[in-house]
Amino acid sequence: MFWPFAWGSLAASYHVALPMKEVVTNTLFYALLGTLVHSAGCVINDMLDREFDRKVERSKNRPIASGAVTMLEASVLLTVLVAAIFYMFSTAGPTALLLGLVGLPACGGTYPLMKRWMYWPSLYLGFAASWAVPFTWVAITGEFDWGMILNVGVASCCWTCLYDTIYACQDKKDDEKAGVKSMAVRLGDGIRPALSVFDATFFACLLWAGYLNGQHLPFYVMSVIAPFLLCLWHIWSFDHNDPRDSWKKFTAGRHGAALVCAGLVVDHYCNLVSLAI
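In this report, the structure presented in the accompanying data block is examined. Keep in mind that this is a model prediction, so the values were computed, not measured. (Residues numbered from 1 in each chain as written. Predicted model: local features only at pLDDT ≥ 70, side-chain atom pairs only at ≥ 80, totals over all residues. Heavy atoms only, no water.)

Here we look at the packing of aromatic side chains
Applying the stated rule across the entire model yields 22 aromatic pairs. Ring geometry for Phe89 against Trp131: centres 5.8 Å apart, planes inclined by 85°, an arrangement best described as edge-to-face. Within this pair, whereas Phe89 is found in helix H5 (residues 71–90), its partner Trp131 is found in the loop between helix H8 (121–129) and helix H9 (132–141), the two being separated by 42 residues in sequence. For Phe89, a relative accessible area of 0% gives the class buried. Chaining the aromatic ring pairs together yields one cluster made of Phe5, Phe29, Tyr30, Phe86, Phe89, Trp131 and Phe135. (Phe/Tyr/Trp six-rings, centres within 6.5 Å; stacked < 30°, edge-to-face > 60°. Helix = DSSP H or I, 4+ residues; strand = E, 2+ residues; numbered from the N terminus. Buried < 20%, exposed > 50% of the residue type's maximum accessible area, 1.4 Å probe, protein only.)

Structure representation (C-alpha cells):
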C-alpha cells in the first residue's frame, strides 16, 4: 500500500515545488499510513478468508486459519488499526479526510470478497489501493487535478494488479480446488500477453502524467522507462507454474516501484535547484 501513497504524494509535491524537508516528512507520514492500511487489509483478508486459507497449502498456517488467533482477538486488532488510520486521515484536511472515510471501507474493506464473485480480484485490488492517489494529491495541493489523479491512479492500479496476479500464481492449483477465483487461474497460459497490456498501460499513463506535471528527464528515465522494462522482463521471464519463481518475481516488483519514487525525488530536487538559481 505504500507505493500508491508515495507516487501520489511525490507527484503532488513536485507540482507545488514543496521544500525537500517537507517532502521527507510527508513521505514518512505516508509510509506509516500505508503500513497501517496494509496491516488492516491483511487482518480483514485473513478474517474473511479463514476457510479458504485452510484449504491452501501456503496459507493454512496463517494465525486465524490455524487457530493461533481468535476472531475476537483479530477484531480488537482491526479496531485499533482503523482508529489509528482515521486519526491520521483527520490530519490531512477535510477533503482528504472525506476521501479516506469513503475510500477505505468501500475499496479496501471489500477486496477479499471479490475472489468469491469474479476472476479479476487483482484488478479490483489495484483500484482499491489507488484511492491513495487522490487522497495524497488533495492533501498536498488542496485541489482536484483529474488529469494527474487519473493517470497516476491508473498507473498505480495496473502496477498493483500486475504484481498481485504474479503473486496469485503461487496458489493456482490450490485455488482451483478450493473454488477461489483469481486472474492467475482465469488467464492460464495467456498470462504473459495480458500482463504486458497492464505494463504498457502503466507506461503510457505515467508518461502522460509526467507531461501534465511538467516533469523532466530524470523522471522519464528512472520513473517511467526503467520500471516499464524491468516489469516487462519479470513478465516474460518468470515461470507462472513455479510458486517459488512467482514469489521471487513478485517481491522483485518493489524495485520497480522504488524506481518510480527515486525518479520523482531526483527530478524534484533538480527542479528546486533550478528554481533557486
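Quick word on H5
In this model, H5 (20 residues) spans 28 Å end to end at C-alpha, consistent with the 28 Å of a helix rising 1.5 Å per residue. Taken as a whole, H5 has its buried residues at Ala74, Leu78, Leu81, Ile85, Met88 and Phe89. In an axial view of H5, the angular spread of the buried residues amounts to 100°, which keeps them on one side of the axis. Among the exposed residues of H5, those oriented more than 90 degrees off its buried face are Leu72, Thr79, Val80 and Tyr87. (Expected span 1.5 Å × (residues − 1). Arc of directions from axis to C-beta.)

A word on a nonpolar patch on the surface
A cluster of nonpolar side chains, namely Leu72, Val76 and Val80, defines an oily patch on the protein surface of about 300 Å² accessible area. Of note, Leu72 is situated in helix H5. (Patch = residues over 30% accessible without salt bridge, like charges linked within 9 Å, V, L, I, M, F, W, Y side chains within 5 Å. Areas by Shrake-Rupley, 256 points an atom, 1.4 Å probe, with all protein chains shown as cover. Salt bridge = Lys/Arg side-chain N within 4 Å of Asp/Glu carboxyl O.)

Points about the state of the cysteines
This model, assessed by the stated rule, comprises 0 disulfides. With no disulfide of its own, Cys169 has Cys161 as its nearest cysteine by sulfur position, at a separation of 11 Å. Here Cys261 stays unpaired: no disulfide links it, and the sulfur of Cys231, its closest cysteine neighbor, is 15 Å away. (Disulfide = S-S within 2.5 Å.)

A short note on the pattern of salt bridges
One pass over the full model with this rule turns up 2 salt bridges. A salt bridge links Arg62 to Asp46; the nearest nitrogen and oxygen atoms lie 3.7 Å apart. One end of the pair, Arg62, is in the loop between helix H3 (50–53) and helix H4 (63–66); the other, Asp46, is in helix H2 (residues 20–48), and 16 residues separate them in sequence. Where Lys249 meets Asp245, a salt bridge forms, and the shortest distance between an N and an O atom there is 3.1 Å. With Lys249 and Asp245 both in helix H15 (residues 243–276) and 4 residues apart, this pair spans about one turn of that helix. The exposure class of Asp245 is buried, given its relative accessible area of 15%.

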